[in-house]
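Commentary on secondary and tertiary structure
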Amino acid sequence: MAEKLAPGKRHTFFHGSQKVFEWDQTLDEVNMYINLPTGVPTKLFYCKIQSKHVEVGIKGNPPYMNHDLSSPVKTDSSFWTIEDDILHITLQKRDKGQTWSSPIEGQGQLDPYAADLEQKRLMLQRFQEENPGFDFSQAQFSGNCPDPRTFMGGIRSD
């Protein structure tokens, strides 16, 4: 049932007409996906994840991405992998349940409608996590959705 509340589609950040990265999020993490250039050996790529900063590039060249994150992450449980010419960065949210409007501070922010949909989806994920015997995949909110981090005393840390 929880998979029904997984991100439905990735958000895409463009700089001009070039796609920089795609991303999605769950209660616990933000995932970034970067298409890698062809012809470069995968062992030359690097990714440096800090609490509020991410840097991605090819060794010996200026970084492709060198930006502050919009919120802090847990560096000890954040990681990156390369598969099928896609660099996948998994950022573990420091504040579980926080709705990110973009992984990168000041870049590619979700519009208010998309941000509201994300917050509603994360709230339903929280309900599903706290009540595993129920199916919230068809549930809907009417009006504003509360913050998943603080609603009814906040997220349980069982």
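Bear in mind the structure is a predicted one, so any value in this text is a computation, not a measurement.

1. Things to note about the overall build of the protein
Tallying secondary structure elements over the protein gives one helix and eight strands in all. Taking 15 Å as the expected radius of gyration for a compact globule of 158 residues, we find that the protein reaches 17 Å, a close match to that expectation. With respect to the three principal axes, the spread of C-alpha positions in the protein is 50 × 35 × 25 Å. Within the protein, the fraction of its 158 residues that count as buried is 39%.

2. A short note on the sheet that holds strand β1 (residues 11–15)
One open sheet accounts for five strands, arranged β1-β2-β3-β8-β7; its pairing is antiparallel. Either end of the sheet is taken by a strand with one partner, and the two such strands are β1 and β7 (73–83). Ignoring strand direction, the axes of neighbouring strands in this sheet form an average angle of 20 degrees. The pairing of β7 with strand β8 (residues 86–93) spans seven bridges and is classified as antiparallel.

3. Some remarks on the nonpolar core
The biggest cluster of nonpolar side chains holds 23 residues, and the ones touching the most others in it are Phe21, Met32, Val54, Val56, Met65, Ile89 and Leu91. The set of elements that each furnish at least two residues to this core consists of β2 (18–25), β3 (29–35), β4 (45–50), β5 (53–58) and β8. Leu91 has contacts with Asp28, Glu29, Val30, Met32, Ile49, Leu69, Val73, Ser78 and Trp100, leaving out every residue within four places of it along the chain. Among the nonpolar cores identified, the runner-up in size contains five residues, and Met123, Leu124, Phe127 and Phe136 belong to it.

4. Description of the pattern of salt bridges
The full count for this structure, using the stated rule, is nine salt bridges. Across the salt bridge formed by Glu22 and Arg10, the nearest N and O atoms sit 3.3 Å from each other. A residue pair is termed long-range when its members are at least 10 positions apart, and Glu22 in strand β2 and Arg10 in the segment before β1 qualify at twelve residues. The exposure class assigned to Arg10 is partly exposed, which follows from its relative accessible area of 33%. Among the ionic pairs, Glu130 bridges to Arg126, the shortest N-O distance being 2.8 Å. Here Glu130 pairs with Arg126, and both are found in helix α1 (residues 112–130), just four residues apart, close to one helical turn. By relative accessible area, Glu130 is classed as buried at 16%. Taking relative accessible area as the criterion, Arg126 reaches 3% and is therefore assigned buried.

5. Notes on unusual backbone geometry
The phi torsion at Asp85 lies on the positive side, around 60 degrees, for a residue other than glycine. Mapped onto the elements of the fold, Asp85 is located in the loop between β7 and β8. Relative accessible area serves as the criterion here: at 44%, Asp85 is assigned to the partly exposed category.

6. Here's the deal with the pairing of β4
Two elements, β4 and β5, share six bridges in a ladder whose sense is antiparallel. Residue pairing for β5: Gln50 is matched across the bridge by His53. The hairpin turn running from β4 into β5, its antiparallel successor, is two residues long.

7. Considering the pairing of β8
Among the eight residues that make up β8, six are buried, leaving the element largely enclosed by the rest of the structure. Pairing analysis gives seven bridges linking β3 to β8, with the strands arranged antiparallel. Looking at the pairing, Glu29 lines up with Gln92 of β8. With antiparallel pairing between neighbouring strands as the criterion, β7 and β8 make up a hairpin whose turn holds two residues, including Asp84 at a positive phi of roughly 55 degrees.

Conventions we followed
Residues numbered from 1 in each chain as written. Predicted model: local features only at pLDDT ≥ 70, side-chain atom pairs only at ≥ 80, totals over all residues. Heavy atoms only, no water. Helix = DSSP H or I, 4+ residues; strand = E, 2+ residues; numbered from the N terminus. Rg over C-alpha atoms; globule rule 2.2 N^0.38 Å. Buried < 20%, exposed > 50% of the residue type's maximum accessible area, 1.4 Å probe, protein only. Pairing = 2+ DSSP bridges. Axes fitted to C-alpha atoms, helices over the stretch in contact; angles between N-to-C directions. Core = buried A, V, L, I, M, F, W, Y, C linked by side-chain atoms within 4.5 Å. Contact = heavy atoms within 4.5 Å. Salt bridge = Lys/Arg side-chain N within 4 Å of Asp/Glu carboxyl O.

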